[in-house]
Amino acid sequence: MCGRFALTATPDQTAAFLGLGEIEDFPARYNIAPTQPILAVLSAGPREPGSNLPDRMAMLVRWGLIPAWVKDTRDFPLLFNARSEEAAGKASFKAAMRHRRALVPASGFYEWKKQANGRKGQPYWVRPRQGGLVAFAALVETYAEPGGSEMDTGAILTTNANSDLAGIHERMPVVIGPQDFARWLDCRNQEPRDVADLLRPADPGFFEAIPVSEAVNKVANSEPSIQERHVAPTAAAEPEKAKRRNPGASDDQMTLF
């Protein structure tokens, strides 16, 4: 699963990584959440002979895909992730899987280790061990609103977690390597079955998971400090607070001084 991620590289670094021309300036974002705008890269289609323009284009999409056939978005779930094993045949994603495959650049993502009761436990910042950027496999769909305006929307594809992350969560985003960008984005010549081999977990050792504080749980917290290492103390590890007493006070008496 991927419900939060970060993009802290500069626009120039991001453009160079994805093989884009110049892109609009944007600030570092440390806590990107569903329904917020995210940067997506798609194939720009054929260029005129002799053109020196890149064959990829960047666009902002709402994180949360809405299929074109949806009548009322109020009755439709928020699809910010898509299971890669099912996307090619699932009604919500099959058109985008065939015609609008995309890349979403990220500096890493956040994941929460589930507790026995199913509640969220320790959060982790998961980043490439060697640093730099990664590109998540994504799908984009343009939704025509009833009033006539259009909205570009997107979802990030997920797969089974690799051995490094399986102890935190059973799913992880699909990472497309730079050597496979062109094949993944080529929806004219590469059908979903032709790129199915790319929908796999990242190799063991590619990511490192750093425990962070629960500050990341709140979307409003979007500063570098939320990525600092922090391990939440367990109840057993918390030292018992000593009671301060006046000389001669009994165990059931507490004082302010």
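Relevant structure appears above.
For clarity, every value in this text was computed on a predicted model and none was experimentally measured.

K.L.:
Summarise the environment of lysine 94; cite the residues concerned and give the values.
P.N.:
With respect to the element layout, lysine 94 can be found in helix H2 (residues 94-99). Here lysine 94 falls in the partly exposed class, since its relative accessible area comes to 46%. Separated by 27 residues in sequence, lysine 94 and proline 67 have C-alpha atoms that sit 9.5 Å apart. Residues in contact with lysine 94, not counting those within four places in the same chain, are Ala87, Ala88 and Gly89.

K.L.:
Before we move on, could you go through the packing of aromatic side chains and cite the residues and values that matter?
P.N.:
For the structure shown, the criterion picks out 9 aromatic pairs. Seen in terms of ring centroids, phenylalanine 109 and phenylalanine 136 are 6.1 Å apart; in terms of plane orientation they differ by 75 degrees. Their pairing is edge-to-face. One end of the pair, phenylalanine 109, is in strand E7 (residues 108-114); the other, phenylalanine 136, is in strand E9 (residues 134-144), with 27 residues separating them in the sequence. In this pair, the class of phenylalanine 109 matches that of phenylalanine 136, namely buried. One aromatic cluster in this structure is built from Phe5, Trp63, Phe80, Phe109, Phe136, Phe206 and Phe207. Lying across the ring of tryptophan 184, arginine 101 places its NZ or CZ 5.4 Å from the centre.

K.L.:
If you had to explain the nonpolar core to someone new, which residues and values would you point to?
P.N.:
Counting 33 residues, the largest nonpolar core has Phe5, Trp63, Val104, Phe109, Phe136, Leu165 and Phe207 as its most contacted members. For this core, the elements supplying multiple residues, two or more each, are strand E1 (4-7), strand E3 (37-43), strand E4 (56-63), strand E6 (101-106), strand E8 (120-128) and E9. When residues no more than four places from it in sequence are discounted, the contact partners of leucine 165 are Phe109, Val126, Met172, Phe207 and Ala209. Ala87, Leu139, Tyr143 and Val195 belong to the second-largest nonpolar core, a separate cluster that totals 29 residues.

K.L.:
Which residues make up helix H1 (residues 11-18), and what values do they have?
P.N.:
Along H1, the residues classified as buried are Pro11, Thr14, Ala15 and Leu18. The buried residues of H1 occupy an angular sector of 95 degrees when the element is viewed end-on, so they sit on one face. Opposite the packed face of H1, turned more than 90 degrees from it, sit the exposed residues Asp12 and Ala16. The inward-facing, buried residues of H1 contact E1, E3, E4, E6, E9 and helix H3 (181-185). Looking one or two places after H1, you find glycine 19, whose phi comes out positive at around 70 degrees.

K.L.:
If you had to explain the sheet that holds E1 to someone new, which residues and values would you point to?
P.N.:
The strand order across the open sheet built from 5 strands is E2-E1-E7-E8-E12, with neighbouring strands paired in antiparallel fashion. Edge positions in the open sheet fall to strand E2 (29-32) and strand E12 (207-211), since each of these has one partner strand only. Each strand of the sheet is rotated relative to its neighbour by a mean of 30 degrees, with strand direction disregarded. Pairing of E8 with E12 involves 5 bridges; the strand directions are antiparallel. Looking at the pairing, tyrosine 124 lines up with proline 211 of E12.

K.L.:
Mind laying out the side chain of histidine 169, listing which residues take part and the relevant values?
P.N.:
Mapped onto the fold, histidine 169 is located in the loop between strand E10 (150-160) and strand E11 (171-173). Reaching out from histidine 169, the side chain makes a polar contact with the backbone nitrogen of arginine 171 at a distance of 3.0 Å. When residues no more than four places from it in sequence are discounted, the contact partners of histidine 169 are Met1, Glu111, Trp112, Lys114 and Ala161.

K.L.:
Would you mind going over a negative patch on the surface in detail, with residue names and values included?
P.N.:
A cluster of acidic residues, Asp12, Glu22, Glu24 and Asp25, forms a negative patch at the surface. The residue glutamate 24 is located in the loop between H1 and E2 in this model.

K.L.:
Before we move on, could you go through the pairing of E10 and cite the residues and values that matter?
P.N.:
Here E4 runs beside E10; their pairing, made up of 2 bridges, is parallel. Along E10, the bridge assignment pairs tryptophan 63 with glycine 154. In the sheet, strand E5 (residues 81-83) pairs with E10 via 3 bridges, with the strands oriented parallel. In the strand pairing of E10, asparagine 81 is matched with isoleucine 156. The turn joining E9 and E10, which pair antiparallel and follow one another in sequence, is formed by 5 residues; a positive phi near 105 degrees is taken by glycine 148. Sheet analysis places E10 next to E11, joined by 3 bridges and oriented antiparallel. Within E11, the residue paired with threonine 158 across the bridge is proline 173.

K.L.:
Help me get a handle on unusual backbone geometry, residues and values and all.
P.N.:
A positive phi is found at threonine 35, a non-glycine position, where the angle reads about 80 degrees. As for its position among the elements, threonine 35 is in the loop between E2 and E3. Here threonine 35 falls in the partly exposed class, since its relative accessible area comes to 44%.

So, how was this worked out
Each chain carries its own residue numbering, running from 1 in the written order of its sequence. Totals for whole chains, interfaces and linings use all residues, but because this is a predicted model, local features are given only for residues with pLDDT of at least 70 and pairs of side-chain atoms are given and counted only at 80 or more. For the side-chain quantities, the full set of heavy atoms in the structure was used; hydrogens and water were omitted. Helix and strand labels come from DSSP, where a helix needs a run of H or I of at least four residues and a strand needs a run of E of at least two; each type is numbered from the N terminus. Partly exposed describes any residue whose relative accessible area lies between the buried limit of under 20% and the exposed limit of over 50%, with all areas from a 1.4 Å probe on protein chains only and scaled to the type maximum. Pairs of residues are marked as contacts when any of their non-hydrogen atoms sit within 4.5 Å. Aromatic pairs are defined between Phe, Tyr and Trp rings, using the six-membered ring for Trp, whenever the two ring centres lie within 6.5 Å; interplanar angles under 30 degrees are classed as stacked, those over 60 as edge-to-face, and all others as tilted. Each ring is checked for a lysine NZ or an arginine CZ that lies within 6 Å of its centre and within 35 degrees of its normal; such an atom marks a charge sitting over the ring. The set of buried Ala, Val, Leu, Ile, Met, Phe, Trp, Tyr and Cys residues whose side-chain atoms join them within 4.5 Å is what this entry labels a nonpolar core. It is the directions from the helix axis to the C-beta atoms whose arc is reported. Note on pairing: two strands pair once DSSP finds at least 2 bridges between them. All axes here are fitted lines through C-alpha atoms, helices being fitted over the stretch that makes contact, and every angle between N-to-C directions spans 0 to 180 degrees. Polar contact is defined as a pair of N or O atoms within 3.5 Å, subject to the rule that within protein one atom must be able to donate a hydrogen and the other to accept it, and that residues adjacent in sequence are counted only when both atoms are side-chain atoms. Exposure above 30% relative accessible area and no salt bridge define the residues that can form patches, which grow by joining like charges within 9 Å and nonpolar side chains of Val, Leu, Ile, Met, Phe, Trp and Tyr within 5 Å. All accessible-area figures derive from a Shrake-Rupley calculation using a 1.4 Å probe, and residue coverage is judged against the displayed protein chains alone. The term salt bridge refers to a side-chain nitrogen of Lys or Arg lying within 4 Å of a carboxyl oxygen of Asp or Glu. Only four residue types enter the tally: Lys and Arg on the positive side, Asp and Glu on the negative side; His and the chain ends are excluded. For this purpose, a charge sits on NZ of Lys, CZ of Arg, CG of Asp or CD of Glu.

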